[in-house]
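The chain contents come next:
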Amino acid sequence: MNAPFPHGKPPLRLLIAAPRGFCAGVDRAIEIVERAIDRYGAPVYVRHEIVHNRFVVDGLKAKGAVFVEELDEVPDGVPVIFSAHGVPKAVPAAATERGLEWLDATCPLVSKVHRQAERQIEAGRHILFIGHKGHPEVIGTFGQVQEGEMTLIETIEDVAALDLPEGTPLAYLSQTTLSVDDTAAIIAAIQAKFPQVTAPKAEDICYATSNRQAAVKAIAPQCQLMLVIGAPNSSNSLRLAEVAERLGTRSYLIQRASEIEPGWLDGVDTLGLTAGASAPETLVREVVARLGEWRELSEEQVVTAEERMVFKLPRQLT
């Protein structure tokens, strides 16, 4: 009896988002760790995960990086690197006080938000900061200013609940990895309630976050299923899965191909695939290979933007 499909496997149209995966800030952060190991020798200490991806972190551990949560876990006499998400000002100050050699792998686009925060405070404004409580980037940005100079805004409801003294000069800033649509709605609520609020000179949400969300918006309506490769603590990856869900496309955030359940593909003839800004292309190919075990794939790359951004390395490594 003939198989229902010529190759014995049902066909699957695979739409792969471009851009996807590593952004310039993540490329730079990983290169800083690798070059530091080459220059100083192992071990090199890294405060907090350099980027939110277990595969990347494990790969760097194998090369000689040691990841710690706090500076006091770093022994004397070894270099320490600060993660791409940024750190409060107190952290490099404490490292300098201890005589540690430190390297800052903070994404330059996060550093830009830090500088904006300082400038707004110098101008006498209170900052409404749009972000997710507890995220390392938010902790780092709040650590650029004195306590009480910034208020965290997570939702439109938070804006409605704000009770500030009349005439308080205000500015708003945001985390770089948020949902473009959610943030726009929160900004609109802020501007409606506080018409005199000062906006940042340019969009705080980074180009890579915006581009990856736009790519999902282009692909998701054509798919019955969207797979997003990324870590559960990766803000930009979580947002990609949310974007697909909001467009009515079932979506799963996965870290590795081994997490894919064959049953997810039931009734699926077109599948979308993307990766968060901390996920390497290796994992994309791993997922494609896994899908190919069950289905006869036809791959299509859907290009919605070209990214050519490159960030300079710290001067100690150049």
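Here, the structure is the one placed above.
Just so you know, these numbers come straight off a predicted model, no measurement behind them.

Draft legend 1. Region of the structure containing the nonpolar core. Counting residues in each nonpolar core, the largest one holds 31 residues, and the members touching the most others are Val33, Ile50, Leu60 and Ile81. Elements with a minimum of two residues in this core: helix H1 (24-40), strand E2 (44-47), helix H2 (54-63), strand E3 (65-68) and helix H4 (108-122). Counting residues per element, this core draws most heavily on H1, which supplies 8 residues. In contact with isoleucine 81, other than residues within four places in its own chain, are Ile32, Val33, Ala36, Val44, Tyr45, Val46, Arg47, Ile50, Leu103 and Ala105. Formed by 21 residues, the second largest nonpolar core is a distinct cluster that contains Ile254, Leu273, Ala279 and Leu291.

Draft legend 2. Examining the sheet that holds strand E6 (residues 126-130) more closely. The sheet built from 3 strands is open, its strands ordered E7-E6-E8 with parallel pairing. A single partner strand is all that each edge strand has here, and the edge strands are strand E7 (150-153) and strand E8 (170-174). Looking at each pair of strands side by side, their axes are set apart by 25° on average, direction ignored. The sheet contact formed by E6 and E8 spans 5 bridges and is parallel. Within E8, the residue paired with isoleucine 127 across the bridge is alanine 171. Running at roughly 170° to E8, H4 makes contact with E6, E7 and E8 of the sheet. Sheet strands touched by helix H7 (residues 180-193): E6, E7 and E8. Its angle to E6, the strand with the most contacts, is close to 150°.

Draft legend 3. Just the layout of surface pockets, in detail. Estimates place the volume of the largest pocket at around 200 Å³. Lining the largest pocket we find 13 residues, and of these Val87, Asp104, Ser111, His114 and Gln144 sit closest to its centre. Listing elements by their share of the lining of the largest pocket, those giving two or more residues are strand E5 (102-104) and H4. The leading source of residues in the lining of the largest pocket is H4, at 4 residues.

Draft legend 4. Fine view of empty space enclosed by the protein. Considering all chains together, one arrives at 1 cavity of 30 Å³ or more under this definition. In this structure, the largest cavity encloses a volume near 270 Å³. Lining the largest cavity are 24 residues, and of these Cys23, Val26, His85, Thr177 and Asn236 sit closest to its centre. For the lining of the largest cavity, the secondary structure elements donating two or more residues are H1, H4, helix H8 (207-219) and helix H9 (235-246). In terms of residue count, the dominant contributor to the lining of the largest cavity is H8 (3 residues).

Draft legend 5. Structural context of the state of the cysteines. Following the criterion strictly, the structure yields 0 disulfides and no others. With no disulfide of its own, cysteine 23 has cysteine 206 as its nearest cysteine by sulfur position, at a separation of 5.9 Å. Looking at cysteine 23, the relative accessible area reads 11%, which means it is buried.

Draft legend 6. Highlighting the sheet that holds strand E11 (residues 270-275). Across the sheet, which stays open at both edges, the 5 strands sit in the order E10-E9-E11-E1-E12 with parallel pairing between neighbours. The open sheet terminates on both sides in strands that have one partner only, identified here as strand E10 (250-254) and strand E12 (296-303). Adjacent strand axes in the sheet meet at a mean angle of 25° when their direction is disregarded. Strand direction decides the pairing type here: strand E1 (residues 11-18) and E11, joined by 4 bridges, are parallel. Bridge assignment links arginine 13 to a residue of E11, and that residue is threonine 270. Packed onto the sheet, H9 meets strand E9 (225-229), E10 and E11 and runs at close to 165° relative to E10.

Draft legend 7. Structural view of the environment of glycine 99. In this structure, glycine 99 sits in the loop between helix H3 (90-97) and E5. Given a relative accessible area of 62%, glycine 99 falls into the exposed group.

Draft legend 8. Region of the structure containing the pattern of salt bridges. This model, assessed by the stated rule, comprises 16 salt bridges. Across the pair aspartate 181 and lysine 217 runs a salt bridge whose closest N-O atoms are separated by 3.0 Å. On the criterion of sequence distance, the pair formed by aspartate 181 in helix H7 and lysine 217 in helix H8 is long-range, its members being 36 residues apart. For aspartate 181, a relative accessible area of 42% corresponds to the partly exposed category. The salt bridge partner of glutamate 307 is arginine 212, with a shortest N-O separation of 2.8 Å. Taken together, the residues glutamate 307 in the segment after E12 and arginine 212 in helix H8 connect sequence positions 95 residues apart.

The rules behind the values
- Residues numbered from 1 in each chain as written.
- Predicted model: local features only at pLDDT ≥ 70, side-chain atom pairs only at ≥ 80, totals over all residues.
- Heavy atoms only, no water.
- Core = buried A, V, L, I, M, F, W, Y, C linked by side-chain atoms within 4.5 Å.
- Buried < 20%, exposed > 50% of the residue type's maximum accessible area, 1.4 Å probe, protein only.
- Helix = DSSP H or I, 4+ residues; strand = E, 2+ residues; numbered from the N terminus.
- Contact = heavy atoms within 4.5 Å.
- Pairing = 2+ DSSP bridges.
- Axes fitted to C-alpha atoms, helices over the stretch in contact; angles between N-to-C directions.
- 1 Å grid on protein atoms, 1.4 Å probe; cavity = no way out; pocket = protein on both sides within 12 Å on 5 of 7 lines; lining within 4 Å.
- Points joined across faces, edges and corners; volume = space filled by probe spheres on them.
- Disulfide = S-S within 2.5 Å.
- Salt bridge = Lys/Arg side-chain N within 4 Å of Asp/Glu carboxyl O.

Everything listed here is a matter of coordinates, which is why it stays silent on function.
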